[in-house]
Amino acid sequence: MDRNDELFERAQRSIPGGVNSPVRAFRSVGGSPRFMQKASGPFMWDVTGKKYIDYILSWGPMILGHGNPEVLRAVHEACDRGLTFGTATEPEILIAEEIRKLVPSIETVRLASSGTEAGMSAIRLACGFTGRSKVIKFEGCYHGHSDRLLVKAGSGMLTFGHPSSAGIPAGVTADTIVLEYNNPQQLEDTFRSCGSEIACVIVEAVGGNMNMVKGSPEFIHAIRDLCTRYGAVMIVDEVMTGFRVALGGAQSVYGVKPDLTMLGKVVGGGMPVSAFGGRRDIMNMVAPLGPVYQAGTLSGNPVAVAAGLATLRLVQAPGFYDRLTSISRRLTEGLTEAARSEGVPFCADYCGGMFGLYFLPKVPTRFSEVTRADTAAFGRWFHHMLDAGCYFAPSTYEAGFVSIAHTDKEISHTIEAAREAFAALKAGQ
Ligand SMILES: *Cc1c(COP(=O)(O)O)cnc(C)c1O
């Protein structure tokens, strides 16, 4: 038993499953989750002192790598001024201005602390604005764990109100319609049958919670056209993709202008900041201006905002996203080539600083395809990589991330380790 195993055993006595968020557990790959003690640049160290190249990056936020000195300085200075006031502060204006500049569809923006809150508030706002109650989401898209959005569908079939978590009354999800991702025809049929009741369509334009699955341009633009035609609100959930796939987020990649956008992860630079914003006429419905209530004791927290603001300034360095994209490209091309040369069915894809690895013959376009991945092969590959000091997400349903701090050296090390891992898989180990 090493120290990770000891801590895991001890953690399970005081914390359900030993973790404070289920994706941290190793349930689908087996073994003890690693307890990390520190991180720097592209690396993390666990409690035994073992060093890992980090491809989770706290599930996306750490786009500059860990411990960026300018972000840390901003945080330390903010701490010295006070941890929280519960009043208006100037940095909140600065980060709102920065967000508006980088994501032009956002005319005004409200800060919160988690992506879950941003999603819950955005759909409440869409319902309040339209006076309608139906919400369309897509199978495999995650928008946080608020009751109305925690719904998935069966096998791509149109499903009305089928909760995917226990504890959610059926009535709460009765107005949530789950449709197949990348299926514009099904969306159009749904609008045709009940378009006047639909308050909003919420979507991850690049899906990052069913591994990585890119929306087709046709699908994303169909959402825009149908929302416009039927007076529904288009919400793009950019909690993962915002400042991650491109400076202007996924909406800039597709050239689409949503009515509302959700942000999280990178916008907080490693601290709890999220946001929702968009059309001024819609945002004017939010309290204190309008009747849609939304609030938060720690919303716009000055220490968290300091980290986010410093991060948003640094990602605007010239060539930042070109470099980030070339790191993802090198990694995914190298892994694909390593698998091919060892004869293991595998493919990979990327978008800016985000990537998907698939134990599948071809890149998936929807949730039902993602579910066909060879999870047993992935589990073995994952543990080979972990032993070799490469920390990937412990599930075939998660995307991966690179930071600007990942250099050729780390990428080469990872590809070499992967080649050995694929060879071991082929040899049945
Ligand atoms: C992470 C994530 C969320 C939820 O954010 P939390 O801060 O974990 O509540 C919502 N939507 C997407 C697309 C995400 O990736």
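Please read all numbers here as calculations on a predicted model, not as lab measurements.

Engineer: Just to check I follow, could you spell out the packing of helix 11 (residues 320-342) against helix 14 (residues 408-426) for this structure?
Structural biologist: For any two helices packed against each other, the geometry comes down to the angle between their axes and how far apart the axes lie. Here helix 11 crosses helix 14 at 25 degrees, and the two axes come no closer than 9 Å. What the angle tells us is that helix 11 and helix 14 run roughly parallel. The hand of the helix 11/helix 14 crossing is right-handed. Listed contacts from helix 14 to Ile327, Arg330, Leu331, Gly334, Leu335, Ala338, Ala339, Ser341 and Glu342 of helix 11 are Asp408, Ile411, Ser412, Thr414, Ile415, Ala418, Arg419, Phe422, Ala423 and Lys426. Partitioned by chemical class, the residues of the contact of helix 11 with helix 14 number ten nonpolar, four polar and five charged.

Engineer: So what exactly am I meant to see when it comes to the site of the ligand here?
Structural biologist: The local shell around the ligand consists of Ser114, Gly115, Thr116, Tyr142, His143, Gly144, Glu204, Asn209, Asp237, Val239, Met240 and Lys265. A distance of 2.7 Å separates a nitrogen atom of the ligand from a polar atom in the side chain of aspartate 237. In this structure, an oxygen atom belonging to the ligand sits 2.6 Å away from a side-chain N or O atom of lysine 265. Starting from 380 Å² of accessible surface for the ligand in isolation, the protein chains cover 82%. Its residues assigned to classes, the shell around the ligand comprises three nonpolar, six polar and three charged.

Engineer: Could you clarify how one ought to interpret the packing of aromatic side chains in this entry?
Structural biologist: To describe a pair of aromatic rings, one takes the distance between the centres and the angle between the planes. Per the stated rule, a full pass over the model turns up 23 aromatic pairs. Through a chain of ring-to-ring contacts, the aromatic side chains of Phe26, Tyr52, Tyr55, Phe346, Phe355, Phe359, Phe378, Trp381, Phe382, Tyr391, Phe392 and Phe422 assemble into a single cluster. If you follow lysine 38 out to its NZ or CZ, it ends over the ring of tryptophan 45, 4.8 Å from the centre. Over the ring of tyrosine 350 we find lysine 214; its NZ or CZ atom is 6.0 Å from the centre of that ring.

Engineer: Would you take a moment to explain the nonpolar core for this structure?
Structural biologist: Note on soluble globular proteins: their nonpolar side chains tend to be buried together. Ranked by internal contacts, the top residues of the largest apolar core, which has 73 residues, are Ile99, Phe243, Phe359, Trp381 and Phe422. Among the elements that line this core, the one with the most residues is helix 10 (residues 302-314), at nine residues. Setting aside its immediate chain neighbours within four residues, isoleucine 99 contacts Ile106, Val109, Leu111, Leu263, Val267, Ala275 and Leu312. The next biggest cluster of nonpolar side chains, apart from the first, holds 42 residues, and it includes Ile177, Ile198, Met240 and Leu360.

Each value, and the rule that gives it
- Residues numbered from 1 in each chain as written.
- Predicted model: local features only at pLDDT ≥ 70, side-chain atom pairs only at ≥ 80, totals over all residues.
- Heavy atoms only, no water.
- Axes fitted to C-alpha atoms, helices over the stretch in contact; angles between N-to-C directions.
- Helix = DSSP H or I, 4+ residues; strand = E, 2+ residues; numbered from the N terminus.
- Parallel < 35°, antiparallel > 145°, perpendicular 65-115°, else oblique.
- Left-handed = near helix turned anticlockwise from the far one by under 90°.
- Contact = heavy atoms within 4.5 Å.
- Nonpolar A, V, L, I, M, F, W, Y, C, P; charged D, E, K, R; others polar.
- Near = heavy atom within 4 Å.
- Polar contact = N/O pair within 3.5 Å; in protein donor to acceptor, adjacent residues only side chain to side chain.
- Areas by Shrake-Rupley, 256 points an atom, 1.4 Å probe, with all protein chains shown as cover.
- Phe/Tyr/Trp six-rings, centres within 6.5 Å; stacked < 30°, edge-to-face > 60°.
- Lys NZ or Arg CZ within 6 Å of the ring centre and 35° of its normal.
- Core = buried A, V, L, I, M, F, W, Y, C linked by side-chain atoms within 4.5 Å.
- Buried < 20%, exposed > 50% of the residue type's maximum accessible area, 1.4 Å probe, protein only.

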